[in-house]
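# Inside the fold
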Amino acid sequence: MPLLAHHVPRPAQTPAGTTLVIDRPDDWHLHLRDGEELKAVLPHTAAQFHRAIIMPNLKPPVTTTALALAYRKRILEARPAGSDFDPLMTLYLTDNTPADEIHRAKASGVVHAVKLYPAGATTNSDSGVTDLKHTYKALEAMQEAGMVLAIHGEVTDRDIDVFDREKVFIDEKLIPLRRDFPALRVVFEHITTKDAADYVATAEGEIAATITAHHLLYNRNALFQGGIRPHYYCLPVLKRELHRQSLLEAATSGKPRYFLGTDSAPHAMGDKESDCGCAGCYTALHALELYATAFEAVGRLDRLEGFASHFGPDFYRLPRNAGKVRLHRQDWSIPTALPYGDRIVVPLAHGETLGWRFEASLQTNDASR
Ligand code: NCD
Ligand code: ZN
């Protein structure tokens, strides 16, 4: 199976041996899991990124500042020796999140966003919000405190076609919500449609969107290439080609409202290759290489740095990283399996050849101060 959506040619403009040096990037949407799985996947992210926004959809979810602080400690303890990886924590919004919890989160200095999962929208979202009206006290507190609301933007109504759920969410939930809270700072997470890209481009107020590498590289044909391909299944699900084109245009536009969020979401192989396979693509291993491949395909490697390293911290009101990282134009083969606790995880595009290889941090933030 080709790396790119099959009618898009694999780019070859950049000669082997070329290097690309960019400011050290961050990942603004990441699933790290917990326990042994956390220990297995964290080194991949920590190698490439200085910081990441850590999703709170554990079992049970991270609904309080106390839980977020405890989870942060486990992440820090799981870091490889010498790593300065900085986990930016989030709270999982429920129907019952009190305004006080938002104040505690803000005061902690380590919680940077609150995540809205519509109940039942995705993996471990059973405790999600059943009706936005139930969250209005918490949203008011967030608006006041300048706390970011990170949104999984899909409706969950089974009668709505799964490919339309993002668009319906914009019209029926997001626009009314932002009318009620015009000063609330919103990140529309992992957008997958032209509708979402267009909405974010023109909407008033403080809004931005993250875009995954897999939504830049694949359209929904990837799910059915010669058979059903569970490792390409994520939520929101891959869409048709016109949406991929629109996301590529947005990501490579140089507009600061779009930035990098891998949504790397590991599941054990058996949980994906199953009668009812889990949603989530594992991309932490080769995140920057996948993004570089997508940007190169449209001749816009020069815009990778803004998307990967500048616009995210600017939106989250955090300093940009001081170090640099380097990518080499060099072919390498993506492994077919990686250890994942006592099981294995299969990375996206396993077995394929990638034309870019991440080298390492040239300099950490600390060293450059
Ligand atoms: C995520 C997961 O597995 O936690 N899955 C996914 O397909 N992206 C949940 C999510 O972000 O929707
Ligand atoms: Zn996610």
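Each remark here, short or long, concerns the structure printed above.
Definitions and limits used
Residues numbered from 1 in each chain as written. Chains lettered and ligands numbered in written order. Predicted model: local features only at pLDDT ≥ 70, side-chain atom pairs only at ≥ 80, totals over all residues. Heavy atoms only, no water. Donors = N, O, S within 2.8 Å, 3.2 Å for Na, K, Ca; no water. Tetrahedral: all angles 85-135°; square planar, octahedral: opposite > 155°, others 65-115°. Helix = DSSP H or I, 4+ residues; strand = E, 2+ residues; numbered from the N terminus. Buried < 20%, exposed > 50% of the residue type's maximum accessible area, 1.4 Å probe, protein only. Near = heavy atom within 4 Å. Polar contact = N/O pair within 3.5 Å; in protein donor to acceptor, adjacent residues only side chain to side chain. Areas by Shrake-Rupley, 256 points an atom, 1.4 Å probe, with all protein chains shown as cover. Nonpolar A, V, L, I, M, F, W, Y, C, P; charged D, E, K, R; others polar. Axes fitted to C-alpha atoms, helices over the stretch in contact; angles between N-to-C directions. Parallel < 35°, antiparallel > 145°, perpendicular 65-115°, else oblique. Contact = heavy atoms within 4.5 Å. Phe/Tyr/Trp six-rings, centres within 6.5 Å; stacked < 30°, edge-to-face > 60°. Salt bridge = Lys/Arg side-chain N within 4 Å of Asp/Glu carboxyl O. Pairing = 2+ DSSP bridges. Right-handed = clockwise from strand over helix to strand, strands pointing away. Bend = angle between axes of the 7 residues up to and from the residue.

## Re the coordination of the zinc ion (ligand 2)
Protein-derived ligands of the zinc ion (ligand 2) are His29 (NE2), His31 (NE2) and Asp263 (OD), with the metal-ligand distances lying across 2.0 Å. Coordination geometry of the zinc ion (ligand 2): the four donor atoms subtend angles of 91 to 141° at the metal centre, consistent with an arrangement described as irregular. Mapped onto the sequence, the residues coordinating the zinc ion (ligand 2) show the spacing H-x1-H-x231-D. In this pair, His31 sits in the loop between strand S2 (27-30) and helix H1 (35-48) while Asp263 sits in the loop between strand S9 (258-260) and helix H9 (269-272), placing the two residues 232 residues apart along the sequence. The pair formed by His31 and Asp263 is uniform in burial state, with each residue classed as buried.

## Some remarks on the environment of Ala297
For Ala297, the location among the structural elements is in helix H10 (residues 287-297). Judged by its relative accessible area of 29%, Ala297 falls in the partly exposed class. Through-space distance from the C-alpha of Ala297 to that of Leu93 is 38 Å; in sequence the pair is 204 residues apart.

## Observations concerning the site of ligand 1
Residues in contact with ligand 1 amount to 15 residues; listed here are only the nearest, Asn57, Thr122, Leu235, Asp263 and His267. Between Asn57 and ligand 1, the recorded distance is 2.8 Å, taken from a side-chain N or O atom to an oxygen atom. Within the complex, 100% of the 320 Å² of free accessible area of ligand 1 lies under protein. Class assignment for the residues of the shell around ligand 1 results in four nonpolar, nine polar and two charged.

## Notes on the packing of helix H6 (residues 194-202) against helix H8 (residues 241-251)
The N-to-C vectors of H6 and H8 enclose an angle of 30°; their axes lie 8 Å apart at closest approach. Accordingly, the angle class assigned to the pair H6 and H8 is roughly parallel. Judged by residue contacts, Lys194, Asp195 and Ala197 of H6 engage Leu242, His243, Ser246 and Ala250 from H8. Within the contact of H6 with H8, the residues separate by chemical class into three nonpolar, two polar and two charged.

## Brief notes about H10
Counting buried positions along H10 gives ten out of eleven residues, so the element sits mostly inside the fold. All of the buried residues along H10 are Ala287, Leu288, Glu289, Leu290, Tyr291, Ala292, Thr293, Ala294, Phe295 and Glu296. With its phi angle positive at about 65°, Gly299 sits one or two positions after the end of H10.

## Focus on the packing of aromatic side chains
Enumeration over the complete set of coordinates arrives at ten aromatic pairs. Between Trp28 and Phe259, the ring centres sit 6.2 Å apart and the planes meet at 75°, which makes this aromatic pair edge-to-face. You can see Trp28 sitting in strand S2 and its partner Phe259 sitting in strand S9, a full 231 residues away along the chain. Across this residue pair, the class does not change: Trp28 and Phe259 are buried. Plain terms: the ring middles of Phe259 and Phe315 are 6.1 Å apart, the flat faces sit at 40° to each other, and that makes the pair tilted. Of this pair, Phe259 sits in strand S9 while Phe315 sits in helix H11 (residues 304-315), and the two are 56 residues apart along the sequence. Phe315 carries the same exposure label as Phe259, and that label is buried. An aromatic cluster is present here, built from Trp28, Phe259, Phe315 and Tyr316 joined pairwise through their rings.

## Observations regarding the pattern of salt bridges
Charged atoms that come close allow side chains of opposite charge to pair. Inspection of the entire model under this criterion finds 20 salt bridges. Among the salt bridges present, the one from Arg72 reaches Asp86, with a minimum N-O distance of 3.7 Å. Of the two residues, Arg72 is situated in helix H2 (residues 65-78) and Asp86 in strand S4 (residues 86-92); the sequence distance between them amounts to 14 residues. Classification of Asp86 as partly exposed rests on a relative accessible area of 25%. Among the ionic contacts, a cluster of salt bridges with common partners joins Arg185, Glu206 and Arg317.

## Examining the sheet that holds S4
Within a sheet, adjacent strands bond to each other through the backbone by hydrogen bonds, running parallel or antiparallel. The strand order across the open sheet formed by eight strands is S2-S3-S4-S5-S6-S7-S8-S9, and the pairing between neighbours is parallel. Either end of the sheet is taken by a strand with one partner, and the two such strands are S2 and S9. Along the sheet, successive strands turn relative to each other by an average axial angle of 30°, direction set aside. By the bridge criterion, three bridges tie strand S3 (residues 51-54) to S4 in an arrangement that is parallel. Within the sheet, the bridge partner assigned to Arg51 lies in S4 and is Asp86.

## Points about the pairing of S4
Among the seven residues in S4, six count as buried, and that is most of the element. Crossover handedness for the path S3 to H2 to S4: right-handed. When S4 meets strand S5 (residues 111-116), the two strands line up parallel, connected through four bridges. Within S5, the position partnered with Thr90 by the bridge is Ala113.

## Thoughts on H1
Every α-helix carries 3.6 residues per turn, so stepping three or four residues along brings you back to the same face. Taken as a whole, H1 carries its principal kink of about 35° at Leu42; the proline Pro43 stands between one and four residues after it. Of all the positions in H1, only Leu38, Val41, Leu42, Thr45, Ala46 and Gln48 are classed as buried.

## A short note on the side chain of Asn57
Secondary-structure assignment places Asn57 in the loop between S3 and H2. The exposure class of Asn57 is buried, given its relative accessible area of 4%. A polar atom in the side chain of Asn57 sits 3.0 Å from the side chain of His31. Not counting residues within four places of it along the chain, the set of residues in contact with Asn57 comprises His31, Arg33, Tyr92, Tyr117, Thr123 and Asn124.

No statement about biological role is implied by the geometric values presented.
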